There are 2 protein chains.
Amino acid sequence: MTTSAPTERTRVRRRTERARYDRDVCCAIIDEALVCHVGFAIDGQPYVMPATHARIGDQLYLHGSAASRMLRTLASGVPVCVTMTLLDGLVLARAARTHSMNYRSVVVLGTAIEVVDPQEQMAALKALIEHALPGRWRDVRPPTDRELRETAVVRLALSEMSAKVRSGPPMDGDGDLTQPCWAGELPLQLTASSPMPDARLTAGIEAPDSITRYRRR
Amino acid sequence: MTTSAPTERTRVRRRTERARYDRDVCCAIIDEALVCHVGFAIDGQPYVMPATHARIGDQLYLHGSAASRMLRTLASGVPVCVTMTLLDGLVLARAARTHSMNYRSVVVLGTAIEVVDPQEQMAALKALIEHALPGRWRDVRPPTDRELRETAVVRLALSEMSAKVRSGPPMDGDGDLTQPCWAGELPLQLTASSPMPDARLTAGIEAPDSITRYRRR
């Protein structure tokens, strides 16, 4: 496990007992999250957009249409923040004040670079598919040259990031323990239900285990 | 249902078939989402922070420690963006290019105002608790005056927002229909598992149905 010192910008300022600066902890959250939220500013107005992402080593990849305003803005080299949040549960305390959520989140700061090398672009698109569903890439029709040209890919170095993690029970003060209400954790998780075949699916093709037994962790 | 014209800043630019400008659609997404992502900039660097939120009518409330940098920054009147995203499923297509996610998201733009009236502050804290778990407020010990002073609450008018929704099957071109792989939707949802009682829970207190049968929608 690599522990790196936070920068002044990624040092967790509140609830410092929840801070995690280990690279492995950050990467595990990035890898589990299916969506991220990308923050950038245009004319002083911040925008936060949901996106899919994938990690290859120390690089985070985002993609979109070559015509996307977000991708064009990121590729122009503006400062960006990408945040992933996994919600693990409600923390139901006896006092209103001590209610909380259990969660794991990562904040990545940096500047994106447009990926122009077709091989790296293809590797990123593969990673994006594999991130959502491991093993999927080998089954699908890969992008054509034209599709690659219509797709923008950017990467961001995972060099400045920090995580914040809350887990465990409510932290009520002793004086609140007699409050006559249930207290504890209500675990939450993202779960898959039964796959819904496309109406045009070729007869006889069954969903593989990776889909029917899909789990995020 | 109220449909309001988007502003130049909230008009959806890409995938316009997914755009929704109905207030009811936006509010339903805000109300279902347990967390939001708050974007603001400090010295030109955007930050995106996960937070909990609650809606009362046309106002969105956020809260945190009075010492929180995010809350202090928001209260100073900077432009802010708050985004909620609900992930509804993986869209597994036959071509890499047509893979997607089913989701519902809302982007809210505006400027926050600090809530200083203790009654409005209390109403917001109640709404925040009820947003996570309806019916919870009446069971818990309400905030003391001191706790209220230690808590910062800000509100943001829900006047400039838009939603984006993708649902349904993959949209492969006819030429890809013969690709020999499974295609369809894998529905995803946030689910609760069995509540975990706090080790200090008073004997004999059972979790109510609102907790044991917790569902987000």
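Residues numbered from 1 in each chain as written. Chains lettered and ligands numbered in written order. Predicted model: local features only at pLDDT ≥ 70, side-chain atom pairs only at ≥ 80, totals over all residues.

As for the overall build of chain A
Then, number 1: Along the backbone of chain A there are five helices and twelve strands.
Then, number 2: Across its three principal directions, the C-alpha atoms of chain A cover 65 × 50 × 35 Å.
Then, number 3: Taken across its 217 residues, chain A has 41% of its residues classed as buried.
Then, number 4: Relative to all contacts within chain A whose residues are 6 or more apart in sequence, the contacts with residues 24 or more apart total 71%. (Helix = DSSP H or I, 4+ residues; strand = E, 2+ residues; numbered from the N terminus. Buried ≥ 20, exposed ≤ 12 C-beta atoms within 10 Å, placed from the backbone. Contact = placed C-beta atoms within 7 Å.)

With respect to the sheet that holds strand E5 (residues 59-65) of chain B
Residue and element names in this part refer to chain B.
Then, number 1: Taken in spatial order, the four strands make up an open sheet running E4-E5-E9-E8, and their pairing is antiparallel. Because the sheet does not close on itself, it has two edges, and the strands there are strand E4 (53-56) and strand E8 (113-114).
Then, number 2: Inspection of the sheet shows E5 paired to strand E9 (residues 151-157) by seven bridges, in the antiparallel sense. Counted as the bridge partner of Gly64 is Ala152 from E9. (Pairing = 2+ DSSP bridges.)

So, the pairing of E9(B)
Residues and elements named next belong to chain B.
Then, number 1: Of all seven residues in E9, six are buried; the element is thus mostly enclosed.
Then, number 2: Of the strand pairs in this sheet, E8 and E9 are connected by two bridges, and their pairing is antiparallel. Bridged to Ile113 within E9 is Arg155.

A few points about unusual backbone geometry
Then, number 1: Positioned with a positive phi, Asp43(A) is a non-glycine residue whose angle comes to about 50 degrees.
Then, number 2: The residue Asp43(A) is located in the loop between strand E2 (36-42) and strand E3 (45-51) in this model.
Then, number 3: For Arg15(B), which is not a glycine, the phi torsion comes out positive at approximately 55 degrees.
Then, number 4: As for its position among the elements, Arg15(B) is in the segment before strand E1 (19-20).

Considering the sheet that holds strand E9 (residues 151-157) of chain A
Then, number 1: Taken in spatial order, the four strands line up as E4-E5-E9-E8 (chain A) in an open sheet, and their pairing is antiparallel. Strand pairing shows two members of the sheet lacking a second neighbour, strand E4 (53-56) and strand E8 (113-114) of chain A, which therefore form its edges.

With respect to the relation of the copies chain A and chain B
Note: a rotation about an axis with an accompanying shift along it relates these two copies of the chain.
Then, number 1: With an RMSD of 0.0 Å, the operation that places chain A on chain B is a rotation of 180 degrees combined with a shift of 0.0 Å along the axis. Here the two chains are linked by the operation of a two-fold rotation axis. No C-alpha of chain A lies nearer the rotation axis than that of Leu190(A), which sits 2.2 Å from it.
Then, number 2: Here 100% of the contact residues of chain A are again contact residues in chain B; the copies associate through an equivalent surface. (Least-squares fit on C-alpha atoms with pLDDT ≥ 70 in both.)

Details of the interface of chain A and chain B
How big an interface is tends to be expressed through the accessible area that disappears when the partners come together.
Then, number 1: At the junction of the two partners, chain A supplies 81 residues and chain B supplies 81 residues.
Then, number 2: Among the elements of the structure, E2, E3, strand E6 (79-92), strand E7 (100-111), helix H3 (118-132), strand E11 (184-192) and strand E12 (196-197) of chain A are those that each provide at least two residues to the side of chain A that touches chain B.
Then, number 3: Counting residues per element, the side of chain A that touches chain B draws most heavily on E11(A), which supplies nine residues.
Then, number 4: In the sheet, E11(A) pairs with strand E11 (residues 184-192) of chain B via five bridges, with the strands oriented antiparallel. In the strand pairing of E11(B), Gln189(A) is matched with Thr191(B).

Re the nonpolar core
Then, number 1: Of all hydrophobic cores here, the largest spans 110 residues; its most connected members are Val106(A), Val108(A), Val154(A), Val106(B), Val108(B) and Val154(B).
Then, number 2: The residues contacting Val108(B), other than those within four sequence positions of it, are Leu60(B), Cys81(B), Val82(B), Leu156(B), Leu158(B) and Met161(B). (Core = buried A, V, L, I, M, F, W, Y, C linked by C-beta atoms within 7 Å.)

Some thoughts on the environment of Asp22(B)
Then, number 1: Positionally, Asp22(B) belongs in the loop between E1 and helix H1 (23-32).
Then, number 2: Considered as a pair, Asp22(B) and Ala163(B) are 141 residues apart in the sequence and their alpha carbons are 8.2 Å apart.

Description of the environment of Ser159(A)
Then, number 1: By the element assignment, Ser159(A) lies in the loop between E9 and strand E10 (160-166).
Then, number 2: Overall, Ser159(A) belongs to the partly exposed group, with 14 C-beta atoms counted inside 10 Å.

So, the pairing of E11(A)
Then, number 1: With four bridges joining them, E6(A) and E11(A) adopt antiparallel strand pairing. Bridged to Gly89(A) within E11(A) is Pro187(A).
Then, number 2: Examined bridge by bridge, E11(A) and strand E12 (residues 196-197) of chain B share two bridges and lie antiparallel to one another. Along E12(B), the bridge assignment pairs Gly184(A) with Pro197(B).

A short note on H3(A)
Then, number 1: Helix length check: H3(A), at 15 residues, gives a terminal C-alpha distance of 21 Å against a target of 21 Å (1.5 Å per residue), a fit within 8%.
Then, number 2: Burial in H3(A) covers these residues: Gln121(A), Ala124(A), Leu125(A), Leu128(A), Ile129(A), His131(A) and Ala132(A). Burial along H3(A) is one-sided: seen end-on, the buried residues are contained in an arc of 160 degrees.
Then, number 3: Looking at the buried side of H3(A), the elements it contacts are E4, strand E5 (59-65), helix H4 (145-149) and E9 of chain A together with strand E6 (79-92) of chain B. (Expected span 1.5 Å × (residues − 1). Arc of directions from axis to C-beta.)

A look at the confidence of the model for chain A
Then, number 1: For chain A, the mean per-residue pLDDT works out to 95, and 98% of the residues sit at or above 70.
Then, number 2: Prediction confidence for the complex, expressed as pTM and ipTM, is 0.96 and 0.95 respectively. (pLDDT = per-residue confidence, 0-100.)

Let's talk about the environment of Gly168(A)
Residue and element names in this part refer to chain A.
Then, number 1: Summarising the element assignment, Gly168 is placed in the loop between E10 and E11.
Then, number 2: On the basis of neighbour count, Gly168 is assigned to the exposed category, with 12 C-beta atoms found within 10 Å.
Then, number 3: Along the backbone, Gly168 and Val91 are 77 residues apart, and their C-alpha atoms lie at a distance of 8.0 Å.

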